[in-house]
Amino acid sequence: MNIMDFNVKKLAADAGTFLSRAVQFTEEKLGQAEKTELDAHLENLLSKAECTKIWTEKIMKQTEVLLQPNPNARIEEFVYEKLDRKAPSRINNPELLGQYMIDAGTEFGPGTAYGNALIKCGEAQKRIGTADRELIQTSALNFLTPLRNFIEGDYKTITKERKLLQNKRLDLDAAKTRVKKAKAAEAKSSSEQELRITQSEFDRQAEITRLLLEGISSTHAHHLRCLNDFVEAQMTYYAQCYQYMLDLQKQLGSFPSNYLSNNNQTSGTPVASAFSNAIGPSAMASTGSLVINSPSNLNDLKESSGSRKARVLYDYDAANSTELSLLADEVITVFSVVGMDSDWLMGERGNQKGKVPITYLELLN
């Protein structure tokens with residue numbers, strides 16, 4: 001029975017406090033009651049915390065979009081995270097593209113120039129996909145998780161204490177109003193006692209809130225370290241991608257320049273220039289005695305009556321009896337025949353002769 005009486009009294013006291021706060025808040029909004037203002041330092045700390053929360057949320061969400069552009073995949077990962085379960089592994093876009101290229105190259109034939117190039121490109125794309133997966137994992141652990149911990153942890157605590165400070169402030173101002181309205185000496189004494197208590201509780205809560213808010217500077221320092229980790233992860237990722245593409249370009253770089261250029265272009269200079277800029281002068285110098293098959297070199301050969309040695313760049317299957325099948329890296333003799341199509345030369349290997357496509361050859365000195 002005593003417990004029930006206590007619960008009823010506590011409920012009535014809580015209801016009275018809530019009603020008092022509501023009245024004080026309403027009168028403040030209507031300009032009918034005075035409001036205790038927080039000190040400037042505390043207001044600045046509150047503003048800094050709110051600003052930190054807003055921008056942290058924006059950066060976190062946009063980073064998630066950057067790392068995982070697919071919104072459905074992001075929702076799936078969010079649901080699994082809330083269920084405290086690991087999301088199933090899914091193939092990413094570079095890996096899928098790489099697999100398509102490898103499958104296409106296998107079907108076209110690894111021995112053909114196009115098929116071989118597709119397989120090499122596909123393998124490079126799959127390596128990029130692996131690097132992309134590592135970037136996502138590293139960034140989620142070292143960058144996104146600390147940001148999320150702040151939003152869901154530290155800032156929630158700050159919000160809770162800030163709300164409590166607001167309630168203590170309303171209690172203080174309500175007590176001040178009651179002191180002003182008290183007329184009898186006994187009522188005035190009771191109101192002043194209540195005012196001293198609410199003032200003490202308000203000051204204590206203001207100090208707790210201030211200490212929490214001053215921790216925002218430490219949060220900024222921690223997020224700065226996390227940002228450095230994110231930049232380092234991106235730097236590693238882009239360096240890996242650059243190296244993969246550089247290796248792939250070197251593998252495909254033995255294409256003659258007129259083969260790499262568009263079909264309607266007659267000059268190979270732009271491609272050769274771009275290739276030189278990409279791999280650097282030292283790499284270009286390392287080609288030694290090899291001569292890139294520029295159109296001028298091929299024209300000189302066609303106009304002369306002599307023959308030249310040429311290295312075969314890619315396997316080639318003869319389409320008919322007038323052509324000569326080729327194997328990559330073999331060296332054959334080539335020469336021009338009057339009246340032959342400009343895209344072909346006559347090739348000779350031992351007793352075998354036949355037409356060979358110039359785009360599959362690299363002339364040697």
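The paragraphs below set out a description of the structure included in this document. Going along each chain's sequence as written, the residues are numbered from 1 onward. With pLDDT at 70 or above as the cut-off, local features in this predicted model cover only qualifying residues; side-chain atom pairs require 80 or more to be listed or tallied, and sums for whole chains, interfaces and linings still use all residues. To obtain the side-chain values, all non-hydrogen atoms of the structure were included, while hydrogens and water were left out.

Put simply, DSSP H or I for four residues or longer makes a helix, DSSP E for two residues or longer makes a strand, and each gets a number counted from the N terminus. From N to C terminus, the protein includes eleven helices and five strands. Exposure is judged per residue with a 1.4 Å probe applied to protein chains only, and the accessible area is read against the type maximum: over 50% gives exposed, under 20% gives buried, and values in between give partly exposed. For the protein, the residues scored as buried account for 34% of the 365 residues in total. Once local pairs closer than 6 in sequence are excluded, the contacts in the protein between residues at least 24 apart make up 67%. Every accessible area reported is derived by Shrake-Rupley at a probe size of 1.4 Å, with residue values counting cover from the shown protein chains alone. Carbon and sulfur atoms make up 56% of the accessible area of the protein, which totals about 22600 Å². Note on definitions: a residue-residue contact is assigned when non-hydrogen atoms from the two residues lie within 4.5 Å.

A few words on the side chain of Asn92. Of note, Asn92 is situated in the loop between α3 (71–82) and α4 (93–108). Excluding residues that lie within four positions of it along the chain, Asn92 makes contacts with Gly129, Asp132 and Arg133.

All right, on to the pattern of salt bridges then. The salt bridge criterion pairs a side-chain nitrogen of Lys or Arg with a carboxyl oxygen of Asp or Glu, the two atoms within 4 Å. Counted according to the given criterion, the structure contains 13 salt bridges. Its salt-bridge partner being Arg178, residue Glu194 comes within 2.5 Å of it at the nearest N-O pair. One end of the pair, Glu194, is in helix α6 (residues 185–214); the other, Arg178, is in helix α5 (residues 113–181), and 16 residues separate them in sequence. You can call Arg178 partly exposed: its relative accessible area is 31%. Note that Glu362 is salt-bridged to Arg311, the shortest N-O span being 2.7 Å. With Glu362 in strand β5 (residues 361–363) and Arg311 in strand β1 (residues 307–312), this pair connects stretches of sequence that are 51 residues apart. The pair formed by Glu362 and Arg311 is uniform in burial state, with each residue classed as buried.

With axes taken as lines fitted to C-alpha atoms, and helix axes fitted only over the stretch in contact, angles between N-to-C directions fall between 0 and 180 degrees. In the contact formed by α6 and helix α7 (residues 216–252), the axes pass within 4 Å of each other and the chain directions differ by 20°. Taken together, the axes of α6 and α7 are roughly parallel relative to one another. Here α6 contributes Leu212, Leu213 and Glu214 to the contact with α7, which in turn contributes Ile216, Ser217 and Ser218. When residue character is reported, Ala, Val, Leu, Ile, Met, Phe, Trp, Tyr, Cys and Pro are called nonpolar, Asp, Glu, Lys and Arg charged, and the others, Gly included, polar. Among the residues forming the contact of α6 with α7, the class breakdown is three nonpolar, two polar and one charged. If an angle is under 35 degrees, it is roughly parallel; if it is over 145, roughly antiparallel; if it lies from 65 to 115, roughly perpendicular; otherwise it is oblique.

All right, on to the environment of Ala33 then. Along the chain, Ala33 turns up in the loop between α1 (2–29) and α2 (40–67). With ten residues separating them in the primary sequence, Ala33 and Val23 have C-alpha atoms 9.7 Å apart. With residues near it in sequence (within four places) discarded, Ala33 still touches Gln24, Glu27 and Glu28.

Note on aromatic pairs: each is described by the distance of the centres and the angle between the planes. To pair, rings of Phe, Tyr and Trp, with the six-membered ring standing in for Trp, must have centres within 6.5 Å; the planes then decide the type, stacked if under 30 degrees apart, edge-to-face if over 60, and tilted in the middle. In the structure shown here, the tally under the stated rule is seven aromatic pairs. A ring pair is formed by Tyr314 and Tyr360, whose centres lie 6.3 Å apart and whose planes are at 85°; its orientation type is edge-to-face. With Tyr314 in the loop between β1 and β2 (331–335) and Tyr360 in the loop between β4 (352–357) and β5, this pair connects stretches of sequence that are 46 residues apart. One exposure class covers both Tyr314 and Tyr360, and it is buried. Here the aromatic cluster, defined as three or more aromatic residues joined through ring pairs, consists of Tyr314, Tyr316, Trp344 and Tyr360. Between Arg127 and the ring centre of Tyr244, over which it is positioned, the NZ or CZ distance is 5.6 Å. Placement of a positive charge over a ring is assigned whenever Lys NZ or Arg CZ falls within 6 Å of the ring centre and within 35 degrees of the normal to the ring plane.

Quick look at the sheet that holds strand β3 (residues 344–349) now. Strand pairing requires that DSSP identify at least two bridges connecting the strands. Across the sheet, which stays open at both edges, the five strands sit in the order β4-β3-β2-β1-β5 with antiparallel pairing between neighbours. What marks the edges here is a single partner per strand, and that holds for β4 and β5. Neighbouring strand axes in the sheet, compared pairwise and without regard to direction, differ in orientation by 45° on average.

Here we come to unusual backbone geometry. In the Ramachandran plot, Asp329 falls in the positive-phi region, its phi being about 80° despite a non-glycine side chain. With respect to the helices, strands and loops of the structure, Asp329 is situated in the loop between β1 and β2.

Functional significance is not addressed by these values, which are geometric in nature.
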